Amino acid sequence: LQTMSGNEHDWLALRPQEPSPSQCCGSGCKPCIYDVYEKELAQWERAKAKQDKSLLMEKKEQSNNSELNPDTFTAFSISSVEQLTEDTYQYKFELPGNSSLRLSLGQHIVLRGVVNGLEVQRAYTPISPGNAEGYFEVLMKCYEAGLMSQYIKTWKKGDMVFWRGPFGGFPYQPNKHGELLMLASGTGLAPMLPILQSITDDEGDETFVTLVGCFRTFDKIYLKPLLQDLARYWNIRMFYVLSQETSLEKLPWSYQENTYTGRLNEDLMKTIINSCRRRPFVLICGSSSFNEDMSRYLKAAGIEENSWFVF
């Protein structure tokens, strides 16, 4: 049996590893982690054919600059951790100098974590404005059995965390739509916030917005002070749908008139659409079952499929 030469062995050690399914976040990123793997594999094969390891160095240099990049992961330091509810946290990450992520609206970034030696990747949408300087913030929900959640729960201030991106996003243009109807469940609120803030920051943008936030209980509504501030603008309305509250009496009076108990169902959807001031364009973000339900209710309410966008 021919033994592998030391040289062969070295090259095999440098061969990029094929991603496991858990590493793909499933958000349709361009490039996907599999695309990145194909590119690195081709680079490795070229280098090996020429027996020139320096050809593998270009990707190493790339990830040292502390800018976000869709192809390679870049480390960012956690500057603060804030617990919002029992299972939801807001993390603030440092950006070098006064740089900003320069995300377009509703774009997401992909986090890499390692749990018990298994690499996992998940997509998150920063909630800070895309032009925020020196930092970005991400809202994260931790699940009992979630692999990524086990990793996130260990984070503390000063830890380095790896991100790549940005991907996706909703191509928002001021005044393009008469009214935006935002349907958000839980942390699905994240991609809505930068869009809302860009509308309230732009005096020339007269788009109406109706945000419907679906949460289990009143205590589980995230970022209440921010949402209350945004709701003071003349063109912004907020509704809340609380699936596990039985009565509105315990709620602060300022919430009672714009909150519904139970679930956002077909009838409530029709009521909300009929209360919109203009024909709405709809943005949807939540779990896949939430997104499917909302699409179904919109169809039933007579909204055409080209009039909604799912994050």
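As annotated in an unreviewed UniProt entry, the chain carries the name NADH-cytochrome b5 reductase-like and comes from Sagittarius serpentarius. The record in UniProt for the chain states the following under Sequence similarities (unreviewed entry): "Belongs to the flavoprotein pyridine nucleotide cytochrome reductase family." UniProt annotates the chain under Cofactor (unreviewed entry) with the comment "FAD".

Student: Where do I start with the side chain of H108 in this structure?
Tutor: Structurally, the position occupied by H108 is in strand 3 (residues 108-115). Taking the relative accessible area as the measure of exposure, H108 reaches 12% and is therefore buried. If we ignore the near neighbours within four places in the chain, the residues touching H108 are S27, C29, A123, Y124, T125, P126, P166, F167 and G168.

Student: What am I meant to see in unusual backbone geometry here?
Tutor: Across residues other than glycine, the phi torsion is negative in most instances, and most of the peptide bonds are trans. The omega torsion across G165 and P166 is 0°, close enough to zero to call that bond cis. Structurally, P166 can be placed in strand 6 (residues 160-167). One non-glycine residue, Q51, lies in the positive phi region at around 50°. Assignment of secondary structure puts Q51 in the loop between helix 2 (33-49) and helix 3 (58-62). We note that N175 has phi near 65°; this positive angle belongs to a residue other than glycine.

Student: Help me understand empty space enclosed by the protein, please; the structure alone is not making it clear to me.
Tutor: By the definition in use, this model includes 2 cavities of 30 Å³ or more. Considering only enclosed or pocket space, the largest cavity measures out at about 50 Å³ in volume. Lining the largest cavity we find L103, S104, L105, G106, Q107, T125, P126, S128, P129, G130 and P194. Tallied by class, the residues present in the lining of the largest cavity amount to 5 nonpolar, 6 polar and no charged. Volume-wise, the second largest cavity comes out at about 40 Å³. Contributing to the lining of the second largest cavity are L101, L103, P126, S128, P129, G130, A132, Y135 and F136.

Student: When you look at helix 9 (residues 288-300) in this model, what are you seeing that I'm missing?
Tutor: Residues spaced three or four apart along an α-helix face the same direction, because each turn holds 3.6 residues. In a regular helix each residue adds 1.5 Å, so 13 residues correspond to 18 Å; helix 9 covers 19 Å between its end C-alpha atoms and thus fits that length. Turning to helix 9, its buried residues are F290, N291, M294, S295, Y297 and L298. Buried residues of helix 9, viewed axially, fall in a sector of 165°; they line one side. Away from the buried face of helix 9 by more than 90 degrees, exposed residues S288, E292 and K299 are located. Buried positions along helix 9 lie against strand 7 (179-185), strand 8 (208-215), helix 8 (266-275), strand 11 (280-285) and strand 12 (308-310). Trailing helix 9 by a residue or two, G302 shows a phi angle of about 85°, which is positive.

Student: Where do I start with the UniProt feature "domain: FAD-binding FR-type" (unreviewed entry) in the chain in this structure?
Tutor: UniProt records the feature "domain: FAD-binding FR-type" (unreviewed entry) for residues 71-173 in the present numbering. When the span residues 71-173 is considered, its composition is 6% helix and 48% strand, and the gap between its end C-alpha atoms is 27 Å.

Student: Please explain the packing of helix 5 (residues 192-201) against helix 6 (residues 224-231) as it appears in this structure.
Tutor: A packed helix pair is summarised by two numbers, namely the angle formed by the two axes and the spacing between the axes. The geometry of helix 5 relative to helix 6 is characterised by a closest axis approach of 11 Å and an angle of 35° between their N-to-C directions. Our pair here, helix 5 against helix 6, has a crossing hand that is left-handed. Touching L193, L196, Q197 and T200 of helix 5 are L226, L227 and L230, all from helix 6. Here the contact of helix 5 with helix 6 is composed, by residue class, of 5 nonpolar, 2 polar and no charged.

Student: What's the story with the pairing of strand 9 (residues 236-242) in this structure? I'm lost.
Tutor: Every other side chain in a regular strand lies on the same face of the sheet, so the side chains alternate between the two faces. Within strand 9, 7 of the 7 residues are buried, leaving the element largely enclosed by the surrounding structure. Of the two faces of strand 9, the one carrying I236, M238, Y240 and L242 and the one carrying R237, F239 and V241 are both buried. One ladder, built from 7 bridges, connects strand 8 with strand 9; its direction is parallel. Bridged to V212 within strand 9 is F239. Taking the sense of rotation as the criterion, the β-α-β connection linking strand 8, helix 6 and strand 9 turns out right-handed. Of the strand pairs in this sheet, strand 9 and strand 10 (residues 259-261) are connected by 3 bridges, and their pairing is parallel. Among the inter-strand pairings, Y240 is bridged to a residue of strand 10, identified as T259.

Student: Explain the sheet that holds strand 7 to me, please; I cannot follow it from the model alone.
Tutor: In a beta sheet, neighbouring strands are held together by backbone hydrogen bonds and run either parallel or antiparallel to one another. Taking strand neighbours across the sheet as the criterion, the 6 strands line up as 10-9-8-7-11-12 in an open arrangement whose pairing is parallel. Both edges of this open sheet fall to strand 10 and strand 12, since each of them pairs with a single strand only. Adjacent strand axes in the sheet meet at a mean angle of 15° when their direction is disregarded. Here strand 7 runs beside strand 8; their pairing, made up of 7 bridges, is parallel. Note on strand 8: the bridge partner recorded for A184 is G213.

Quick notes on the rules
- Residues numbered from 1 in each chain as written.
- Predicted model: local features only at pLDDT ≥ 70, side-chain atom pairs only at ≥ 80, totals over all residues.
- Heavy atoms only, no water.
- UniProt positions renumbered as here; feature names shortened; annotations may be inferred.
- Helix = DSSP H or I, 4+ residues; strand = E, 2+ residues; numbered from the N terminus.
- Buried < 20%, exposed > 50% of the residue type's maximum accessible area, 1.4 Å probe, protein only.
- Contact = heavy atoms within 4.5 Å.
- 1 Å grid on protein atoms, 1.4 Å probe; cavity = no way out; pocket = protein on both sides within 12 Å on 5 of 7 lines; lining within 4 Å.
- Points joined across faces, edges and corners; volume = space filled by probe spheres on them.
- Nonpolar A, V, L, I, M, F, W, Y, C, P; charged D, E, K, R; others polar.
- Expected span 1.5 Å × (residues − 1).
- Arc of directions from axis to C-beta.
- Axes fitted to C-alpha atoms, helices over the stretch in contact; angles between N-to-C directions.
- Left-handed = near helix turned anticlockwise from the far one by under 90°.
- Pairing = 2+ DSSP bridges.
- Right-handed = clockwise from strand over helix to strand, strands pointing away.

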